[in-house]
Amino acid sequence: MIASKPMPHDVAATGVPGSLRERFHIAPGLRYFDGNSLGLMPRAAAQAAMRAVTQEWAEGLILSWNQAGWDTLPQRAGEKIARLVGAAPGQLVACDSTSVNLYKVLVSAVRLRPGRSTIVTDIDSFPTDLYIIDQVARQFGLRVQQIPASAMAAALDTQTAAVVLTQVDYRTAQVHDMAAFNQAAHAAGALMVWDLSHTAGAIPCALDATQADFAVGCGYKYLNGGPGAPGYLYVAQRHQQACEQPLAGWFGHARPFEFTPTYQPAPGVARFLCGTSPVVALSILDAALDAFDGSDMARLYAQSLVLSDAFIDGVDRQLAPHGFAIASPRPHAARGSHVSLRHPRGYEIMQELARRQIIGDFRMPDFMRFGFAPLYNTLQDVQALIDALDQVMRDAAWQRSDPQVRRAFT
Ligand SMILES: *Cc1c(COP(=O)(O)O)cnc(C)c1O
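Cut-off values and rules
- Residues numbered from 1 in each chain as written.
- Predicted model: local features only at pLDDT ≥ 70, side-chain atom pairs only at ≥ 80, totals over all residues.
- Heavy atoms only, no water.
- Helix = DSSP H or I, 4+ residues; strand = E, 2+ residues; numbered from the N terminus.
- Rg over C-alpha atoms; globule rule 2.2 N^0.38 Å.
- Buried < 20%, exposed > 50% of the residue type's maximum accessible area, 1.4 Å probe, protein only.
- Contact = heavy atoms within 4.5 Å.
- Lys, Arg positive; Asp, Glu negative; His and termini not counted.
- Charge placed at Lys NZ, Arg CZ, Asp CG, Glu CD.
- Salt bridge = Lys/Arg side-chain N within 4 Å of Asp/Glu carboxyl O.
- Pairing = 2+ DSSP bridges.
- Axes fitted to C-alpha atoms, helices over the stretch in contact; angles between N-to-C directions.
- Core = buried A, V, L, I, M, F, W, Y, C linked by side-chain atoms within 4.5 Å.
- Bend = angle between axes of the 7 residues up to and from the residue.
- Patch = residues over 30% accessible without salt bridge, like charges linked within 9 Å, V, L, I, M, F, W, Y side chains within 5 Å.
- Areas by Shrake-Rupley, 256 points an atom, 1.4 Å probe, with all protein chains shown as cover.

1. Some words on the overall build of the chain
Looking only at helices and strands, one finds 13 helices and 15 strands in the chain. Expected size for 410 residues packed as a compact globule is a radius of gyration near 22 Å; at 22 Å, the chain falls within 12% of this value. Along the first, second and third principal axes, the C-alpha atoms of the chain reach 65 × 60 × 40 Å. Looking at the chain as a whole, 54% of its 410 residues qualify as buried. Partitioning the intrachain contacts of the chain with sequence separation of at least 6 by distance along the chain shows that 71% fall at a separation of at least 24. Computed over 34 positive and 36 negative side-chain charges, the inter-centroid distance for the chain is 1 Å.

Okay, structure coming up:
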């Protein structure tokens, strides 16, 4: 007798085969909605970590820089990310953290616009971005204009050196129009720097086609590169030769192994590398990115919308009495891949959900965030989440959590 394989639950509804989900380790009983903060572990990531440590390091040792291709990992992982964000080859490398990469590209941008006096950014930016922008401004004697994203385009003028914006807002999932902002920045003679931390791997992105100048982003969110995974940076081909990045280290040198006392930048985007790569972490990220093999962002985005629509619909229909406010935009084009609800008891509710193996996260002051990762979340996950929220509110089970006791990491 031939046992037929059961149809993966969501194939009919979304066209995304269940086999993508099978590429991930998912603990039994877990419903995970935090792939926007720390993605699940692709099975291939564990194998890559083992290989990098027990073979390439233990056996190959220093020879592995060449033989195992450690030397080109930033480029190889970078090109896999480039495919997801609409960048042609030769413009994106995986390296350092998002914060450090923002520093490198923003300094490069303001150096390309000497004589201009301001950096414009969104007042609701992720705080690390604001902190880095402030330091760059202090170092170059510039002024920062922190204003609502909706007012940014109108605020650009001949004094604007650079504009920094996160494409998908980390709290609300509001999506900002990349083409429109690039155009507005360029019309003012400024350069546009994007943070794609909540974009890459979740929604389609067209860096080249929309004429973006610079971009940075995280490797551990929708890209599933693991805790503290290297981030990435993009520099449009047309700017690379003129860019002088401030963390000029030997890995960004044109010929690092000539050990010359003077710095000469590598010809392309490689000049944005700094020191020795974190090889094990990069090997994991590189392997994790293969979870996207065989799918394209348009298809994954369709899955993302099916999931977030189902969640919003469930909140409207089933959770109406419980007083949640949907903080994310409803129109598809304005919404990324997570949905935020606001509730005065949001922190305690999230704690109670976690006790039930339903994991999302909380952002100040009252945002309950639920990420829908198109590679592995299913409609069954969404219904389980709606049912659990309903139950927690009906039973007032959130009262079991003490609102005064907050963990350091939420
Ligand atoms: C997650 C996130 C970061 C994190 O930066 P790290 O340097 O990786 O800690 C930065 N910016 C945005 C918009 C983020 O969402």
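2. Brief notes about the pattern of salt bridges
For side chains bearing opposite charge, pairing can occur when the charged atoms are close. Throughout the structure, instances matching the rule amount to 20 salt bridges. Here D390 makes a salt bridge to R394, at a shortest N to O gap of 3.1 Å. Separated by four residues within a single helix, D390 and R394 lie in helix α13 (residues 379–394), roughly one turn from each other. Residues participating in the shared-partner salt-bridge network are E352, R355, R356 and R400.

3. A word on the sheet that holds strand β6 (residues 143–147)
A sheet is described by the order of its strands in space; here seven strands give the open sequence β4-β10-β9-β8-β7-β5-β6, paired in mixed fashion. The open sheet has two edge strands, β4 (92–95) and β6, and neither has a second partner. Pairs of neighbouring strands in the sheet enclose a mean axial angle of 15°, with direction left out of account. Where strand β8 (residues 191–195) meets strand β9 (residues 214–217), three bridges bridge the pair, whose relative direction is parallel. Bridge pairing in β9 links D195 to V216. Of the strands in this sheet, β4 and β10 (231–235) touch helix α4 (residues 73–84), which is tilted by about 120° from β4.

4. Topic: the environment of S99
When you line up the elements, S99 lands in helix α5 (residues 98–111). Each C-alpha atom, one on S99 and one on F140, is 18 Å from the other, the two residues being 41 residues apart in sequence. For S99, the residues in contact, after removing those within four places along its chain, are T128 and I132.

5. Some words on the nonpolar core
By size, the foremost hydrophobic cluster in this structure holds 59 residues, and its most contacted members are W194, L196 and L207. With near-sequence residues (within four places) excluded, W194 lies in contact with L165, Q167, H176, D177, M178, F181, N182, A212, F214, A215 and V216. Grouped together as the second largest cluster of nonpolar side chains are 30 residues, C95, L106, A161 and L233 included.

6. Brief notes about the sheet that holds strand β11 (residues 325–326)
Taken in spatial order, the four strands line up as β11-β12-β15-β14 in an open sheet, and their pairing is antiparallel. Pairing within the sheet leaves two strands with one partner each, and these edge strands are β11 and β14 (361–363). As paired strands, strand β12 (residues 338–342) and strand β15 (residues 367–371) are joined by five bridges and run antiparallel to one another. Of the residues in β15, the one forming a bridge with H338 is G371. Together, β11, β12 and β15 form the strand contacts of helix α11 (residues 297–318), whose direction differs from that of β12 by roughly 20°.

7. Some remarks on helix α2 (residues 43–60)
At A52, α2 shows its strongest bend, of approximately 30°. Listed in full, the buried residues belonging to α2 are A45, A48, A49, A52, E56 and G60. In this structure, the buried side of α2 is in contact with β3 (41–42), α3 (64–67) and α10 (279–288). At the exit of α2 stands L61, carrying a positive phi of roughly 45°.

8. Observations regarding the environment of A242
Here A242 is to be found in the loop between α9 (237–240) and α10. Along the backbone, A242 and P267 are 25 residues apart, and their C-alpha atoms lie at a distance of 9.9 Å.

9. Details of a nonpolar patch on the surface
On the surface, W57, L61, I62 and L63 cluster together to form a nonpolar patch covering roughly 470 Å² of accessible area. Positionally, L61 belongs in the loop between α2 and α3. L61 sits in the partly exposed class, given a relative accessible area of 47%.

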